[in-house]
Amino acid sequence: MDLDAFTELLTPRGQRALAEAVEVVGADPVAAATRLRRSYDAALTSAALTQAALRERAKAKFGADAARMYFTPHSLEQATRAEVGAHRARRLAGPAGGTRVVDVCCGIGGDFLALARAGCVVDAVDLDPLTVAVARANAEALGLADRVTVREADAATVSPEDYDWLFADPARRTNRGRTFDPMAYSPPWPVVLDLVARAGRACLKVAPGIPYEFIPGEAEAEWVSYKGEVKEAALWTGTAEGSVGSVRRATLLPGGETLIARGAEAPTGPVGRFMYEPDGAAIRAHLVGEVAEMVGGRLPDPMIAYITGDEPFDTPWAARYAVEEVLPFSLKRLRATLRERQIGNVIIKKRASAVDIERLRNDLRLSGDKTAVIMLTRIMDKPSVLICHPSPPAQMTK
């Protein structure tokens, strides 16, 4: 889809084509295209069908808003999930409202939509003309054009000192696909840091796996998890909370629980009755010690983020499993044990193990009607396997 095709999509004729395309989402592509080509040219047909398919995919991130929004494939892939954007916007906007924000690399606008709904006034910029047109259409479609201005500009030309906040979400894709190297971001990391240095307060959205050496020493680093899956990291400088120096935080959504590093260190010790698997946000934020403290736990291996304990503590910060057996890793012995227990279905988890999970699943040749969780890990540097079953929180068993 090019800019001309998208512009036509916004006309009354384009809107009719889009409405017809929405009706045939999921149908045979050839049949869908043939139906629309009876009334529309090839370019408009392609744009309408592409947009209808993107709206369907976008429901997972944007819910009901997706039916009114516009997307490009790359921008949808990189767009912030609505619940995560809303969390960040609440932190950034503060209680008073009217906060002036410049959103550089705005993409299709997922973040500025959340900021505007939180009461901010946003000046959004992006370098790509098509992306700017899509973002502007989204602000209008959702009734937020009075709070959002979208324009084409290079992020490096923005003056962040003219705003209350800088929000930056540098593109993390190259011609070869997704990149995990901040120096390959667009704009590159040095340009981003220069913008941050000139801003009074800033929030940077980055990949959850950002190398720790790239995190500015004065920044708060927050890892955000949504329903158990780590979605992003955000780096905050000059925050409204007034944090000074390096802070590590993890946040769980949709509940909103937050955990801040206090320097807790977990003891090591033998495997107990239960194993706890910390949420990925806590692991990324190096908060395993804090989670272990919550559950009165210890680490079976000091270098691995599994926690063990003797009591069934409930916490949103870790999934709990009851331990049935602990074995040195041996395919033959594991296969025999699972057969003895009539376990025919396994959920396989691994941490610090070189075992290929799918190959192991095939090699186990399982049979039986019971289910188990098996954890492949190291215990005091020895390859081990734990046979467990889920131990849900108390309120879920009532």
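Our structure's up above, just so we're on the same page.
Keep in mind the model is a prediction, meaning the values are calculated, not measured.

Draft legend 1. Region of the structure containing the overall build of the chain. A tally of helices and strands in the chain yields 13 helices and 17 strands. Considered along the principal axes of its C-alpha atoms, the chain spans approximately 65 × 55 × 45 Å. With 398 residues in all, the chain has 48% of them scored as buried. Counting only contacts in the chain whose residues sit at least 6 apart along the sequence, the fraction spanning at least 24 positions is 69%. By element, 52% of the accessible surface of the chain is carried by carbon and sulfur atoms, the whole surface being about 18,500 Å².

Draft legend 2. Inspection of the sheet that holds strand β14 (residues 318-328) at higher detail. If you trace the 6 strands from one edge of the open sheet to the other, you get β13-β12-β14-β17-β16-β15, paired in mixed fashion. The outermost strands of the open sheet, each flanked by one partner alone, are β13 (307-309) and β15 (343-350). Taking each pair of neighbouring strands and ignoring which way they run, the sheet shows an average axis angle of 40 degrees. Two elements, β14 and strand β17 (residues 382-390), share 7 bridges in a ladder whose sense is antiparallel. By the bridge assignment, valine 326 is partnered in β17 with leucine 386.

Draft legend 3. Expanded view of the side chain of aspartate 169. Looking at the secondary structure, you find aspartate 169 in the loop between β4 (165-168) and β5 (173-174). Beyond its immediate chain neighbours, meaning those up to four positions away, aspartate 169 contacts Gln78, Val104, Cys105, Asp111 and Lys205.

Draft legend 4. Up close: the packing of helix α2 (residues 12-23) against helix α4 (residues 42-62). Their axes nearest at 8 Å, the elements α2 and α4 cross at an angle of 50 degrees. One element, α2, and the other, α4, form an angle in the oblique class. Classified by chirality, the crossing of α4 by α2 is right-handed. Of the residues in α4, those in contact with Arg13, Gly14, Ala17, Leu18, Ala21 and Val22 of α2 are Leu44, Ala48, Leu49, Gln51, Ala52 and Arg55. Here the residues of the contact of α2 with α4 sort into 8 nonpolar, 2 polar and 2 charged.

Draft legend 5. Focus on the pattern of salt bridges. As enumerated under the stated definition, the model contains 27 salt bridges in all. The partner of glutamate 222 in a salt bridge is arginine 91, and the shortest N-O contact between them spans 3.1 Å. Here glutamate 222 is found in strand β8 (residues 220-226), whereas its partner arginine 91 is found in helix α6 (residues 82-93), with 131 residues between them in sequence. Each member of the pair glutamate 222 and arginine 91 is classed as buried. With its nearest N and O atoms 3.9 Å apart, the salt bridge here joins aspartate 363 to arginine 359. Of this pair, aspartate 363 and arginine 359 both sit in helix α13 (residues 357-364), 4 residues apart, roughly one helical turn. Residue classification places aspartate 363 among the partly exposed positions, given a relative accessible area of 28%. A residue is classified by how much of its surface remains accessible, and arginine 359, at 60% relative accessible area, is exposed.

Draft legend 6. α13, seen in detail. By the N-cap criterion, in which a side-chain oxygen at the helix start approaches the backbone nitrogen of a residue two or three places on, α13 is capped by aspartate 356, the distance to glutamate 358 being 3.2 Å. Taken from the residues just after α13, arginine 365 is the one with a positive phi, measuring 50 degrees.

Draft legend 7. Structural detail: helix α8 (residues 129-141). With 13 residues, α8 ought to run about 18 Å at 1.5 Å a step, and its terminal C-alpha atoms sit 18 Å apart, in line with that. Three or more residues of α8 are buried, namely Leu130, Thr131, Val132, Ala133, Val134, Ala135, Ala137, Asn138 and Ala139. Contact partners of the buried residues in α8: α1 (3-9), α5 (73-78), α7 (110-117), β2 (121-126) and β3 (148-152). The first or second residue beyond α8 is glycine 143, which carries a positive phi of 70 degrees.

Draft legend 8. Fine view of the pairing of strand β7 (residues 202-206). Judged by how many residues are buried, β7 sits mostly within the fold: 5 of 5 residues are covered. Across 3 bridges, the pairing between β4 and β7 is parallel. When the bridges of β7 are listed, alanine 168 appears paired with leucine 204.

Draft legend 9. Spotlight on the side chain of serine 391. With respect to the secondary-structure elements, serine 391 resides in the segment after β17. Judged by relative accessible area, which is 15%, serine 391 ranks as buried. Excluding anything up to four places from it in sequence, serine 391 contacts Phe274, Arg320, Tyr321 and Ala322.

Draft legend 10. Summary view of the environment of histidine 87. Secondary-structure assignment places histidine 87 in helix α6. As a C-alpha pair, histidine 87 and valine 224 span 137 residues in sequence and 9.4 Å in three-dimensional space. Those residues in contact with histidine 87 that sit more than four places away from it in its chain are Glu222, Val224, Thr251 and Leu253.

Definitions and limits used
- Within each chain, residue numbers correspond to sequence positions counted from 1 in written order.
- For a predicted model such as this one, the threshold for reporting local features is a pLDDT of at least 70, and the threshold for listing and counting side-chain atom pairs is 80 or more; totals across whole chains, interfaces and linings nevertheless cover every residue.
- Each side-chain value is derived from all of the structure's non-hydrogen atoms; neither hydrogens nor water enter the calculation.
- What counts as a helix is a DSSP run of H or I of at least four residues, what counts as a strand is a run of E of at least two, and both are numbered from the N terminus.
- Burial classes follow relative accessibility: with a 1.4 Å probe on protein chains only, a residue under 20% of its type's maximum area counts as buried, one over 50% as exposed, and anything between as partly exposed.
- In what follows, a contact means two residues having at least one pair of non-hydrogen atoms within 4.5 Å.
- Every accessible area reported is derived by Shrake-Rupley at a probe size of 1.4 Å, with residue values counting cover from the shown protein chains alone.
- We treat two strands as partners when DSSP finds at least two bridges between them.
- All axes here are fitted lines through C-alpha atoms, helices being fitted over the stretch that makes contact, and every angle between N-to-C directions spans 0 to 180 degrees.
- When describing relative orientation, an angle under 35 degrees is termed roughly parallel and one over 145 degrees roughly antiparallel, while 65 to 115 degrees is termed roughly perpendicular and anything else oblique.
- Handedness of a crossing follows from how the near helix is turned relative to the far one, being left-handed for an anticlockwise turn of less than a right angle and right-handed for a clockwise one.
- All amino acids are sorted into three groups, where Ala, Val, Leu, Ile, Met, Phe, Trp, Tyr, Cys and Pro are nonpolar, Asp, Glu, Lys and Arg are charged, and the leftover types, Gly among them, are polar.
- Salt bridge, as used here: a side-chain nitrogen of Lys or Arg that lies within 4 Å of a carboxyl oxygen of Asp or Glu.
- As used in this structure description, the phrase polar contact means that two N or O atoms lie within 3.5 Å; if the pair is within protein, one of them must be able to donate a hydrogen and the other to accept it, and residues adjacent in sequence are counted only when both atoms belong to side chains.
- Under the convention used throughout, the expected extent of a helix is 1.5 Å for every residue step, that is, one less than its residue count.

Geometric descriptors of this kind do not, in isolation, establish any biological role.
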